[in-house]
Every structure is written in structure tokens, then in C-alpha cells.
Amino acid sequence: MEGSSTSFDDIRVPLKLLLFIDKRPSLARQMRQIKQYLKTLETHFEFNLDVVDIGEQPYLAEHYKLVASPALIKISPAPQQMLAGSDIINQLERWWPKWQQEHLDTLNSLGVEAESALSADPLAQQADLLTTSAELIKLSDEIFRLNQTREELEAQLRFKDRIIAMMAHDLRNPLTAASIAVETLELGYAPNQTRNITLSPELTGQLLKHAKTQIRAINRMITDILKAARGASMELQIVPQELNLPALCMEVVDAFQNRLQEKQQSLTTEIPQDLPTVYADGTQVKRVITNLLDNAIKYTPQGGQVSIIALHRTTQKVQVAVVDTGPGIPPENRDKIFEESYRLQRDVTQDGYGLGLALCQRIVRAHYGQIWVDSASGAGSSFFFTLPVYRA
């Protein structure tokens, strides 16, 4: 090739074109016309055309930011250019001479002679940009998916660690209750010591029963901690069965009697004895009630009032409410408190791991129930949740 005297017929290094199509019947005739027109151009100037079905390779359409179909894209030489719409042939007639000139200018800028262009293998001279682009896009998609998986696994591991920490923290309640029962028995029955109190057979039986109940609770919690430690994530093990909810609520209330006495708080219960049984996992529901009651006692001031209320809300749901007379929750934070690790500013100096309410929400939702809060700053908080009624 010698400058501008070289004819286009002598150029054998092809242009790279992509024709994006889809399978709409209404476009079949237009597709045929475009392909036929491109064949007439090929007799005068060699180019490389790849036809891409958008339905089969959507990632390519996304990569090239396709705005309409059909579309013809000149990939190389640069600059990239797209022709789209119903008049692609008219646009080609206008742009084709310029594309030819751009191709010739590219060869000249690289110092490529026409003779070497004729003898060279086009695929060896110029990489297949279509294949390369497709592979890069697929690789990019795979990296994106792997990053998502990694982030999900990291979040699961963080959640597992916080669950274990919270469970270990919650062990204190049954452990303290069991210890008090055992120490009381020791005061009444320990040999070689002055007995400070006299225990009746009935009280002795109650203390032994209470200690055994708390030890079983400790054993279940340790089992849960070990299960969580073995897994990458904390999967809730929900085993629903017919459950006496009033009895479960009173069991939790009994475990908090010492805390209530320490803060001189009163606790009232409004739980009708004819409340229907629910279909739920007793261990998990106990965890919800325990967490809500623990928070209510924690944030209710000395001498305040705490309540547990249950009612038969509908034929299919039972509703439980834990009410306190604490500082309340600002409106902008009511939804956030159920998020993992979210803590109110007031909680910074409090014990806890900021995960209790998030776990409560997971447990309640696993029972196909709902949990929410009704609160106002300075007017206390009422936490509600629902459980399904047992159907024989």
C-alpha cells in the first residue's frame, strides 16, 4: 500500500461488525434485508460479521449498552459506533464510506503495507474481539457472583459469632436462678453448718423443681451454642408442636422474679386461661419472651411497671405483648431496632450484643407470625408478636 493510491479492494484485514437480532417475527424481513445488503458490501470490502441473538447472549447486549433491536455495531477499528432502528440500511449507506476510510487510516497509522495485509492471516493479526469481550463479560459476572457469595458467607459468620456471644450472655439468667435455688437449699440442709432457715417439704420440692428446670434450660442453650459453633451460619431449628402458651409465659416470669425484686418493679400478667394452644417450638418461643421481658426490665426504671398480655386475636392467631414503662423508642428508630446489631444510643452502656430483637424477628417469622413495636419517647414501649393457633 502506498498512501491514498491503495484501493479498498486490496485490503484484506477485516472490519469487525456485530449484528444484534431477536426472534420477533415482525423483524424477520428487516433482518434478511440487512444481511443481503451486507453481502453486497462484502464483494467490495472485506469485513467480519458476527450475528448475536439477544435472547441467547443477553450479557453482550448489556455490555454494548444496546438501546434497540436490530442493531449493527462497528467494534473495530475505533471508535466504536452503533446503528440501530428501522433504517439501518440507510444509515449504512451514509456511514460505510467513512468506515472504510477509518479502516485504511488505521492500517496506515500502524505502518501496514497492503502486500503484508494480503499475505497475513486476519485472525492472527487481529484478536477476535467478540470472543474476548464475551469471555471477559462472563468472567466479570462470575467474579461478581463470587463476591456476593463471599459477602453472604462473611455476614453469616458474623451473625453466627454474635449469636454464640448472645447465647453465652443469656446463660446468666438460668444459671443465676439455678444457683439461687441451690444456695437456698444449702442454707436449709448443708451439714456441719448453722441452718439459717427452715425449709418446708413443699418449699424444698419447689426449689428442687425450679433448679432442675433451669439446669435443663442451660443444657438446651449449651446445645444450641455447640450447634451454632459447628455450622457456618446459625440456622434456626424450628420443631413446632402443640404448646401451652400461658404455662410457658409463667415459667419465664418465674425466672425473672429476682431481677424484678432487685429493681423493685411489679409485673402483671393478663393471660386468659382459656387461651387456645399454639403450634410453635417451645424453646424458641421461650427465647423470644425471655428477650422481650429482659429488655422491658432493663429499660424500665426503679419501681416501674412491666406487663405480659396475651389474647386470642383471631381464629388463627394468638397475640402476645410485653409492655414496659421505660423511656420509649423514637419513631425514626422503630423499624431499625429489629436489624442485626442495631443499637439505640441509650444502649451503648448497657449489657447485650444488639442482636436479641433481630433473633426474635427471625424466630417469629419462622412461625409465620409478625413482630412489631408500639412506642413513643418517654411513654414506654409495647412489643407485640403473633403465633399460629394449634389445629388438631
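Note: the structure precedes this text.
The structure presented is a predicted model; accordingly, all values stated were derived computationally and were not measured.

1. With respect to the overall build of the protein
Of regular secondary structure, the protein possesses 12 helices and 11 strands. The buried share among the 392 residues of the protein stands at 42%. By sequence separation, contacts in the protein at least 24 residues apart represent 74% of the contacts at least 6 residues apart. Surface accessibility of the protein: about 21,700 Å² in total, with carbon and sulfur atoms responsible for 52%.

2. Remarks on the layout of surface pockets
Taking a probe equal in size to a water molecule and rolling it over the atoms shows the remaining empty space. There is about 400 Å³ of room inside the largest pocket. If you go around the largest pocket, you meet 18 residues; those closest to its centre are Q206, H210, Q214, D254 and A255. Among the elements of the structure, α7 (172-189), α8 (201-230), α9 (245-255) and α10 (257-262) are those that each provide at least two residues to the lining of the largest pocket. Looking at the lining of the largest pocket residue by residue, the class counts come to eight nonpolar, seven polar and three charged.

3. Considerations on helix α11 (residues 282-299)
Under the 1.5 Å per step criterion, the end-to-end length of α11 is 26 Å for 18 residues, consistent within 8% with the ideal 26 Å. Of all the 18 residues making up α11, 16 are buried; the element is thus mostly covered by neighbouring parts of the structure. Backbone nitrogen of T283 and a side-chain oxygen of the N-cap are separated by 3.0 Å at the start of α11; the cap is D281.

4. Here we look at the pairing of strand β4 (residues 81-84)
Of the two faces of β4, only the one carrying Q81 and L83 is buried; M82 and A84 on the other face are not. As judged from the four bridges shared by strand β3 (residues 71-76) and β4, these two strands associate in the antiparallel manner. Bridge pairing in β4 places K74 opposite Q81. Here β3 folds back onto β4 in antiparallel fashion, the turn holding four residues.

5. Thoughts on the pattern of salt bridges
What the rule picks out here adds up to five salt bridges. Salt-bridge contacts for R150 lead to E154; the nearest nitrogen and oxygen are separated by 3.3 Å. Residue R150 and its partner E154 are both found in helix α6 (residues 129-170); the two are separated by four residues, about one turn of the helix. Judged by relative accessible area, which is 40%, R150 ranks as partly exposed.

6. Some words on the side chain of N291
Locating N291 in the fold gives a position in helix α11. Classification of N291 by relative accessible area gives buried; the value is 13%. Beyond its immediate chain neighbours, meaning those up to four positions away, N291 contacts G356, L357 and C360.

7. Looking at the sheet that holds β4
Strand order in this open sheet of four strands is β2-β1-β3-β4, and the pairing throughout is mixed. One side of each edge strand has no neighbouring strand; the edge strands of this open sheet are β2 (47-53) and β4. Across the sheet, the mean angle separating the axes of adjacent strands is 20° when strand polarity is ignored. Lying over the sheet, helix α1 (residues 28-42) contacts β1 (15-21), β2 and β3, oriented at roughly 165° with respect to β2.

8. Thoughts on the nonpolar core
Within the largest apolar cluster, 39 residues are counted, with the highest numbers of intra-cluster contacts made by L245, V285, I289, L293, I308, F383 and F385. Taken together, the elements giving at least two residues each to this core come down to α9, β7 (278-280), α11, β8 (305-311), β9 (317-324), α12 (356-366), β10 (371-375) and β11 (381-388). In terms of residue count, α11 provides more of this core than any other element does, seven residues in total. Leave out the neighbours within four places in its chain, and V285 touches L243, L245, L248, A280, H367 and L387. If you look at the next biggest cluster of nonpolar residues, it comprises 18 residues, including L27, L38, F45 and W96.

9. Some remarks on a positive patch on the surface
A grouping of K209, K212, R216 and R220 is seen on the molecular surface, where their side chains present a positively charged patch. With respect to the helices and strands, the residue K212 is situated in helix α8.

10. Some remarks on the packing of α9 against α11
Across the interface, α9 lies against α11 with an axial gap of 10 Å and an inter-helix angle of 45°. In this view, α9 runs oblique relative to α11, as classed from their interaxial angle. Classified by chirality, the crossing of α11 by α9 is right-handed. On the side of α9, the interface is formed by L245, L248, C249, E251, V252 and V253, while α11 contributes G282, V285, K286, I289, T290 and L293. Tallied by class, the residues present in the contact of α9 with α11 amount to eight nonpolar, two polar and two charged.

Cut-off values and rules
- Residues numbered from 1 in each chain as written.
- Predicted model: local features only at pLDDT ≥ 70, side-chain atom pairs only at ≥ 80, totals over all residues.
- Heavy atoms only, no water.
- Helix = DSSP H or I, 4+ residues; strand = E, 2+ residues; numbered from the N terminus.
- Buried < 20%, exposed > 50% of the residue type's maximum accessible area, 1.4 Å probe, protein only.
- Contact = heavy atoms within 4.5 Å.
- Areas by Shrake-Rupley, 256 points an atom, 1.4 Å probe, with all protein chains shown as cover.
- 1 Å grid on protein atoms, 1.4 Å probe; cavity = no way out; pocket = protein on both sides within 12 Å on 5 of 7 lines; lining within 4 Å.
- Points joined across faces, edges and corners; volume = space filled by probe spheres on them.
- Nonpolar A, V, L, I, M, F, W, Y, C, P; charged D, E, K, R; others polar.
- Expected span 1.5 Å × (residues − 1).
- Polar contact = N/O pair within 3.5 Å; in protein donor to acceptor, adjacent residues only side chain to side chain.
- Pairing = 2+ DSSP bridges.
- Salt bridge = Lys/Arg side-chain N within 4 Å of Asp/Glu carboxyl O.
- Axes fitted to C-alpha atoms, helices over the stretch in contact; angles between N-to-C directions.
- Core = buried A, V, L, I, M, F, W, Y, C linked by side-chain atoms within 4.5 Å.
- Patch = residues over 30% accessible without salt bridge, like charges linked within 9 Å, V, L, I, M, F, W, Y side chains within 5 Å.
- Lys, Arg positive; Asp, Glu negative; His and termini not counted.
- Charge placed at Lys NZ, Arg CZ, Asp CG, Glu CD.
- Parallel < 35°, antiparallel > 145°, perpendicular 65-115°, else oblique.
- Left-handed = near helix turned anticlockwise from the far one by under 90°.

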